Amino acid sequence: LCPPPTVTSPCKILKCNSEFWAATSGSHHLGAEEAPEFCTALRAYAHCTRRTARTCRGDLAYHSAVHGIDDLMVQHNCSKDGPTSQPRLRTLPPGDSQERSDSPEICHYEKSFHKHSAAPNYTHCGLFGDPHLRTFTDTFQTCKVQGAWPLIDNNYLNVQVTNTPVLPGSSATATSKLTIIFKSFQECVDQKVYQAEMDELPAAFVDGSKNGGDKHGANSLKITEKVSGQHIEIQAKYIGTTIVVRQVGRYLTFAVRMPEEVVNAVEDRDSQGLYLCLRGCPLNQQIDFQTIRSAQATEGRARRKGPSLPAPPEAFTYETAMAKCREKLPVEDLYFQSCVFDLLTTGDVNFMLAAYYAFEDVKMLHSNKDKLHLYERTRVLTPGNTAPTGTHPTLWVALLCLCWLCLL
């Protein structure tokens, strides 16, 4: 058995970001005579990223910072050679955009994009538990996806999750790290990076700010802390998007509400094959949820008949897991079934809470209240990664009647 991965990432990009932010607060208000100090801070920032390059190779925030430094070097005509001691520049003046409540109309999605058309259609994607994925098309999958995977990748933002094994030697994984990059957008927001890890759910972007920066529409992007260390919400009004991130137990959950127009804002659709919220998990990463659940129930019944099977490592039997999940999830839909699956797989009761909060987020974020609950027949995927039409309700009624007659 291999030891579980370390919880704390060796990548120190957050430290580099915060040092640069501290050194350049108010830099957009600099006069020409202070530009050399900004370039000095940029060179120090670049030096810091080079020191942590080896341990940050797969980190989205790191790559975002490197590209951002290059862009700023060009914008401010900074030389890559020169001093790197970090100066402390002036602080933000009173009345800066951190406190503004006004913003241009283009920074409000519903006002600017749809002034003369119908209201936008919103979609939902969520990831929680072992992990379970609900895509923008309301398909539901249980996946392996160990390591780093992109959840969303479009013209406005990138979301990447990292999933790690829950127990040594177990195939069960859960989300231990989340990175969200909001790309710079017109006069609304600067590029912002949000990053959360196990036992660290910040209420600010990695640069310490809580809104979109120094642009006039900065407040069209805001972070709000709902429960300290457990629940944050990010409102990106300029793209009509709401993101909810939670820490439940040791692991993270993710939920988003996004207009279809933003979901599909992709320059090269052919390159979006690993965009999990849009395309779902690759077939070779999907777990046959129903088969495993059926085997767990059969094994539980066989164990009661005799001592031939070894005791499971987890604390729950099939029956006790179902009873526990019913406490929070009375409807036996796929959220309930995910809860049972996770309790049997991990023995960690926090996975029951993860399923419960995931469904609470669906109730808040999904625009179609008739699609809140998903059941088994909506989950099965064809090889083309699309969801087939479910069995017609009339056929289900006929089958139930036939079974009833057989019992009589």
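Preceding this section is the structure that the text describes.
Residues numbered from 1 in each chain as written. Predicted model: local features only at pLDDT ≥ 70, side-chain atom pairs only at ≥ 80, totals over all residues. Heavy atoms only, no water.

Draft legend 1. The arrangement of the sheet that holds strand S7 (residues 192–197) in detail. Pairing within the open sheet is antiparallel, and its 4 strands lie in the order S4-S5-S6-S7. The open sheet terminates on both sides in strands that have one partner only, identified here as strand S4 (147–153) and S7. With direction set aside, neighbouring strand axes in the sheet form an average angle of 20°. By the bridge criterion, 6 bridges tie S4 to strand S5 (residues 157–165) in an arrangement that is antiparallel. Of the residues in S5, the one forming a bridge with Asp153 is Asn158. Sitting on the sheet, helix H3 (residues 60–75) touches S5, strand S6 (173–182) and S7, and the angle it makes with S6 is about 20°. (Pairing = 2+ DSSP bridges. Helix = DSSP H or I, 4+ residues; strand = E, 2+ residues; numbered from the N terminus. Axes fitted to C-alpha atoms, helices over the stretch in contact; angles between N-to-C directions. Contact = heavy atoms within 4.5 Å.)

Draft legend 2. Up close: the sheet that holds strand S2 (residues 132–134). Strand order across the open sheet formed by 7 strands is S3-S2-S1-S11-S10-S9-S8, with antiparallel pairing between neighbours. Whereas interior strands pair on both sides, the edge strands pair on one side only; in this sheet they are strand S3 (140–142) and strand S8 (221–227). Neighbouring strand axes in the sheet, compared pairwise and without regard to direction, differ in orientation by 10° on average. Bridge count for strand S10 (residues 241–248) against strand S11 (residues 251–259) is 7 bridges, and the pairing is antiparallel. By the bridge assignment, Thr242 is partnered in S11 with Arg257.

Draft legend 3. Structural view of the state of the cysteines. This model, assessed by the stated rule, comprises 6 disulfides. There is a disulfide in this structure between Cys39 and Cys78, and the S-S distance comes to 2.0 Å. Residues Cys39 and Cys78 are joined through a disulfide that is left-handed, its torsion about the S-S bond being -70°. Of this pair, Cys39 sits in helix H2 (residues 35–51) while Cys78 is found in the loop between H3 and helix H4 (109–112), placing the two residues 39 residues apart along the sequence. Take Cys39 and Cys78: they sit in the same class, and that class is buried. Disulfide pairing places Cys325 opposite Cys339 at an S-S distance of 2.0 Å. (Disulfide = S-S within 2.5 Å. Buried < 20%, exposed > 50% of the residue type's maximum accessible area, 1.4 Å probe, protein only.)

Draft legend 4. Structural view of the side chain of Thr123. With respect to the element layout, Thr123 can be found in strand S1 (residues 122–128). Once residues within four sequence positions are removed from consideration, Thr123 is found in contact with Phe136, Val256, Arg257, Met258, Glu260 and Val263.

Draft legend 5. The packing of helix H8 (residues 318–326) against helix H9 (residues 334–346), seen in detail. H9 packs onto H8 with a crossing angle of 130° between their chain directions and a minimal axis gap of 9 Å. It follows from the interaxial angle that H8 and H9 lie oblique. Along this stretch, H8 crosses H9, giving a crossing that reads as right-handed. Residues Tyr318, Ala321, Met322, Lys324, Cys325 and Arg326 of H8 touch H9, and the partners they reach there are Phe336, Cys339, Val340, Leu343 and Leu344. The class makeup of the residues in the contact of H8 with H9 is 9 nonpolar, no polar and 2 charged. (Parallel < 35°, antiparallel > 145°, perpendicular 65-115°, else oblique. Left-handed = near helix turned anticlockwise from the far one by under 90°. Nonpolar A, V, L, I, M, F, W, Y, C, P; charged D, E, K, R; others polar.)

Draft legend 6. Broad picture of the packing of H9 against helix H10 (residues 350–365). Two elements in contact, H9 and H10, have axes whose closest approach is 8 Å; the angle formed by their N-to-C orientations is 160°. In this view, H9 runs roughly antiparallel relative to H10, as classed from their interaxial angle. Crossing of H9 over H10 shows right-handed handedness. Mapping the contact onto sequence places Tyr335, Cys339, Asp342, Leu343 and Thr346 in H9 and Phe351, Met352, Ala355, Ala358, Phe359 and Val362 in H10. Residues that form the contact of H9 with H10 fall into these classes: 9 nonpolar, 1 polar and 1 charged.

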